[in-house]
Amino acid sequence: MESNGISESKIVTGDYGYVLQDVPHLKDYIPDLPTYSNPLQDNPAYSVVKQYFVHVDDSVPQKIVVHKDSPRGIHFRRAGPRQKIYFEPDEVRACIVTCGGLCPGLNTVIREIVYSLYHMYGVTRVLGIDGGYRGFYARNTIPLTPKVVNDIHKRGGTILGTSRGGHDTSKIVHSIQDRGINQVYIIGGDGTQKGASVIFEEIRRRGLKVVVAGIPKTIDNDIPVIDKSFGFDTAVEEAQRAINAAHVEAESIENGIGLVKLMGRYSGFIAMYATLASRDVDCCLIPESPFYLEGKGGLFEYIEKQLKENGHMVIVLAEGAGQELLSASMQSMNHQDASGNKLLQDVGLWISQSIKDHFSRQKKMTINLKYIDPTYMIRAVPSNASDNVYCTLLAQSVVHGAMAGYTGFTSGLVNGRQTYIPFYRITEKQHQVVITDRMWARLLSSTNQPSFISQKEGSEDGEENNISGEMKNEEPATPCWGDENCADVVTENGGASSV
Ligand SMILES: Nc1ncnc2c1ncn2[C@@H]1O[C@H](COP(=O)(O)OP(=O)(O)O)[C@@H](O)[C@H]1O
Ligand SMILES: O=P(O)(O)OC[C@H]1O[C@](O)(COP(=O)(O)O)[C@@H](O)[C@@H]1O
Ligand SMILES: [Mg+2]
């Protein structure tokens, strides 16, 4: 195997097209670091486990569906405890920060990082940074002990608080140095991981023995490479309550339409999975699938048909869907939040009004539309049971990686295995639904809605339908839930733009 030695793109190659996209390590820039035995070897809970430590060469393939002659392809370092660690427990001063929007499971991840540090490694100094990145230099810290975090997984939100904007790399690294912190755990989405990446670069430039480790958080499931983000299952489950309510309302009245808006700024995963789970939804609109209202094959025509046939219908709408239609019909507002993310106009209100206007003015048809916007309710709940387990594994993995001296990485699930992924793979692209793949076809066949793409446009002119070259690929770059329903694309502003 060969390594090119550059830690931001540390590539190791092997036989038959094997490629390891490795993560940086403290020893890449600090020579002669002492190592210590992993205290887990004396932990009674783990003494029964054969081969508890991960083999130094273990890696996980990014692509699991292969052909007979396929090269072995890209791999990531397998997460887990190592025999040798690069910190003495007494020496560790860890901190945890949560940034960006809320997501179910944040408190569980915080709890489990604290528990893993205390109970697996005997680390007793863990600080919570108050209120996101700016908390490093503008707010107080919160001492975190198993007692303090014991019950927090039962609560939604983050006990540490969060924020957008306020990322000042130099001030943050000064604060890390001043406080003597040597393990930084950063929980956040695409914007946060970009921030973590520049913090890591600055720490490496200063030659500090400080690990920077990310845990991916996104309610929208828009982070590439990983199978799915924690809290996503919970969000889909919680969305069912709003969809059920919309269905009950719509069914109970003549020409009833229940319209539910769900989160999803650039990626419609919540809407797609909530629709597939529900089976009561007649139409799902997502940012990746442009639609139109008027004329043949349009939304109004479909609504009319559904009302005539069934007397009611349910529409699920991701908040980022149809933004181009809104901009065309209203004065375009190019507002951004403190992190540089585009602030969306309320497509739910706009589409409700458009549907009402169309049927009352043009069709002289009475419709009863109920608009439900449960967006914040869905992300403010505590994580469900399966997300709690997922958060626990993520937290344990990230702590094992940090104690083993890996840095500049995000912990993530790839093909059902915990891995360490270099920051650049997490931040370079955004994960989106592929509307030319099977999962979207499954949705279309479940709802029977129009695809809003004519055969000709779909096959010959994908760009006009906002289908990027990569999204048109038969084989998406990153597998997830069966390999076929997702892609990683660079959006107009790369997700969150620089601050
Ligand atoms: N390109 C970037 N470089 C450095 N920091 C960034 C960048 N983009 C976002 N951030 C910081 O990351 C934090 C969270 O970003 P945000 O986009 O709000 O949420 P998320 O991480 O969930 O996508 C904010 O404090 C923001 O300032
Ligand atoms: O009102 P806020 O807090 O800015 O959050 C709204 C946005 O947060 C999101 O949940 C995504 O947030 P993140 O990028 O932080 O994951 C979007 O779906 C939504 O547009
Ligand atoms: Mg984001």
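As the structure is a prediction and not an experimental result, all values here were calculated from the model.

Quick word on the site of ligand 2
In the neighbourhood of ligand 2, 13 residues make up the surrounding shell, with Gly 101, Asp 220, Glu 319, Tyr 376 and Arg 379 lying closest. A distance of 3.0 Å separates an oxygen atom of ligand 2 from a polar side-chain atom of Arg 164. At 2.6 Å, a side-chain N or O of Glu 319 approaches an oxygen atom of ligand 2. Its residues assigned to classes, the shell around ligand 2 shows three nonpolar, four polar and six charged.

Focus: unusual backbone geometry
A negative phi angle is the norm for most residues apart from glycine, just as the trans form is the norm for most peptide bonds. Unlike most non-glycine residues, Asn 221 shows phi in positive territory, near 60°. The residue Asn 221 is located in the loop between strand 12 (211–216) and helix 7 (232–251) in this model. Residue Asn 221 is classed as buried on the basis of its relative accessible area of 1%. Positive phi, close to 75°, is recorded for Val 225, a residue that is not glycine. Judged by its relative accessible area of 1%, Val 225 falls in the buried class.

Brief notes about the layout of surface pockets
Gaps left between atoms are located by rolling a probe of water-molecule size over the structure's atoms. Approximately 790 Å³ is the volume attributed to the second largest pocket. Forming the boundary of the second largest pocket are 38 residues, of which Val 54, His 55, Arg 78, Gly 80 and Arg 82 lie nearest the centre. Contributions of two or more residues to the lining of the second largest pocket are made by strand 2 (10–13), strand 3 (18–22), helix 1 (26–29), strand 6 (73–78), helix 13 (385–403) and strand 18 (417–422). Broken down by class, the residue content of the lining of the second largest pocket amounts to 15 nonpolar, twelve polar and eleven charged.

Here's the deal with the packing of aromatic side chains
One pass over the full model with this rule turns up eight aromatic pairs. Geometrically, the ring pair formed by Tyr 46 and Tyr 52 is tilted, given 4.6 Å between the ring centres and 40° between the ring planes. Note on Phe 291 and Phe 452: the rings are 5.9 Å apart at their centroids and 55° apart in plane angle, and the pair reads as tilted. One end of the pair, Phe 291, is in the loop between strand 14 (283–285) and helix 9 (299–310); the other, Phe 452, is in the loop between helix 15 (438–447) and helix 16 (455–460), with 161 residues separating them in the sequence. There is no split in this pair, since Phe 291 and Phe 452 are both buried. Through pairs of rings, three or more aromatic residues link up here, namely Tyr 46, Tyr 52 and Phe 53. A cation sits over an aromatic face here: Arg 111 above Tyr 115, 4.1 Å from the ring centre. When the ring centre of Phe 87 is taken as reference, the NZ or CZ atom of Lys 209 above it lies at 4.5 Å.

As for the site of ligand 1
The full set close to ligand 1 counts 20 residues, and Arg 164, Gly 165, Asp 190, Thr 192 and Ser 339 are the nearest of them. Arg 164 places a side-chain nitrogen or oxygen 2.7 Å from an oxygen atom of ligand 1. One nitrogen or oxygen atom from the side chain of Asn 341 is found 3.0 Å from an oxygen atom belonging to ligand 1.

Quick notes on the pattern of salt bridges
Following the criterion strictly, the structure yields 18 salt bridges and no others. Between Arg 78 and Asp 58 there is a salt bridge, with the nearest N and O atoms lying 2.7 Å from each other. Separated by 20 residues along the polypeptide, Arg 78 in strand 6 and Asp 58 in the loop between strand 4 (36–37) and strand 5 (59–61) bring together distant segments of the chain. When its relative accessible area of 22% is taken as the criterion, Asp 58 is described as partly exposed. Glu 112 is paired through a salt bridge with Arg 111; the nearest N and O atoms lie 2.7 Å apart.

So, the sheet that holds strand 13 (residues 256–262)
In spatial order, the strands read 14-15-13-16; together these four strands make up an open sheet with parallel pairing. Strands at the two margins of the open sheet, each flanked by one partner only, are strand 14 and strand 16 (368–372). The mean inter-strand angle of the sheet, taken between neighbouring strand axes irrespective of direction, is 15°. Strand direction decides the pairing type here: strand 13 and strand 15 (residues 312–318), joined by seven bridges, are parallel.

Description of the environment of Arg 77
Note on placement: Arg 77 falls in strand 6. A sequence separation of 57 residues divides Arg 77 from Leu 20, and the C-alpha atoms of the two residues are 7.2 Å apart. Not counting residues within four places of it along the chain, the set of residues in contact with Arg 77 comprises Leu 20, Asp 22, Val 56, Asp 58, Ser 59, Arg 82, Tyr 406, Thr 419 and Tyr 420. Engagement of the side chain of Arg 77 in a polar contact is seen with the side chain of Asp 22, the distance being 2.7 Å.

A closer look at helix 7
Between the first and last C-alpha of helix 7 there are 28 Å, a value that for 20 residues agrees with the 28 Å anticipated at 1.5 Å per step. Buried within helix 7 we find Phe 232, Thr 234, Ala 235, Val 236, Glu 238, Ala 239, Gln 240, Ala 242, Ile 243, Ala 246, His 247 and Ala 250. Buried residues along helix 7 sit in contact with strand 13, helix 8 (269–278), strand 15, strand 16, helix 12 (375–379) and helix 13.

What about the confidence of the model for the protein?
With 88% of its residues at a pLDDT of at least 70, the protein reaches an overall mean of 89. Note that residues 1–7 has pLDDT below 50 and, in this model, 16 contacts with residues that lie over four places away or in other chains. The ipTM value of the predicted complex is 0.98, and its pTM value is 0.91.

Some remarks on the pairing of strand 17 (residues 409–414)
Across the six residues that make up strand 17, a large majority, six, are buried. In strand 17, alternate side chains face the same way, and those of Phe 409, Ser 411 and Leu 413 on one face and Thr 410, Gly 412 and Val 414 on the other are all buried. Looking at chain direction, strand 12 and strand 17 are connected through two bridges and run parallel. Its bridge partner being in strand 17, Gly 214 is matched across the sheet by Thr 410. Between strand 17 and strand 18, which pair antiparallel one after the other, the connecting turn spans two residues, and Asn 415 there sits at a positive phi close to 50°.

What to know about the environment of Ile 129
Of note, Ile 129 is situated in strand 9 (residues 126–129). In this structure Ile 129 comes out as buried when scored by relative accessible area, which is 0%. In this structure Ile 129 touches Cys 95, Ile 96, Val 97, Gly 135, Phe 136, Thr 141 and Leu 160, once residues within four positions along its chain are discounted.

Thresholds, definitions, all that
- Along each chain, the written sequence defines residue order, and numbers are assigned to residues from 1.
- Each chain gets a letter, beginning with A, and each ligand a number, beginning with 1, in the order they are written.
- Whole-chain, interface and lining totals are the exception, using all residues; otherwise, since this is a predicted model, local features are given only for residues with pLDDT of at least 70 and side-chain atom pairs are given and counted only at 80 or more.
- Water and hydrogen atoms play no part in the side-chain values, which are based on all heavy atoms of the structure.
- Any residue with at least one heavy atom within 4 Å of a molecule or strand is counted as near it.
- The definition of a polar contact used here is a pair of N or O atoms within 3.5 Å, where within protein one atom must be able to donate a hydrogen and the other to accept one, and adjacent residues in sequence count solely through side-chain atom pairs.
- Amino acid classes used here: Ala, Val, Leu, Ile, Met, Phe, Trp, Tyr, Cys and Pro are nonpolar; Asp, Glu, Lys and Arg are charged; the rest, including Gly, are polar.
- Strands here mean DSSP runs of E at least two residues long; helices mean DSSP runs of H or I at least four residues long; both are numbered from the N terminus.
- Type-normalised accessible area, obtained with a 1.4 Å probe on protein chains alone, sets the label of each residue: buried when under 20%, exposed when over 50%, and partly exposed for intermediate values.
- The pocket and cavity definitions rest on a 1 Å grid over protein atoms only: a 1.4 Å probe that fits but cannot leave marks a cavity, an open set with protein on both sides within 12 Å along at least five of seven lines marks a pocket, and residues lining either have an atom within 4 Å of a point.
- Grid points are joined across faces, edges and corners, and a volume is the space filled by probe spheres set on the points.
- Two aromatic rings, drawn from Phe, Tyr or Trp (for Trp, its six-membered ring), form a pair once their centres lie within 6.5 Å of each other, and the interplanar angle then sorts them: stacked below 30 degrees, edge-to-face above 60, tilted otherwise.
- Think of it as a cone above the ring: NZ of Lys or CZ of Arg counts as a charge over the ring if it is within 6 Å of the ring centre and within 35 degrees of the ring normal.
- We count a salt bridge whenever a side-chain nitrogen from Lys or Arg sits within 4 Å of a carboxyl oxygen from Asp or Glu.
- For two strands to be treated as a pair, DSSP must find no fewer than two bridges joining them.
- Here an angle of 0 to 180 degrees is reported between the N-to-C directions of two axes, which are lines fitted to C-alpha atoms, with helices fitted over the stretch in contact.
- Note on contacts: a residue pair qualifies if any of its non-hydrogen atoms lie within 4.5 Å across the two residues.
- By this rule, a helix spans an expected 1.5 Å times one less than how many residues it contains.
- Confidence scores per residue from the predictor, reported as pLDDT, run from 0 to 100.

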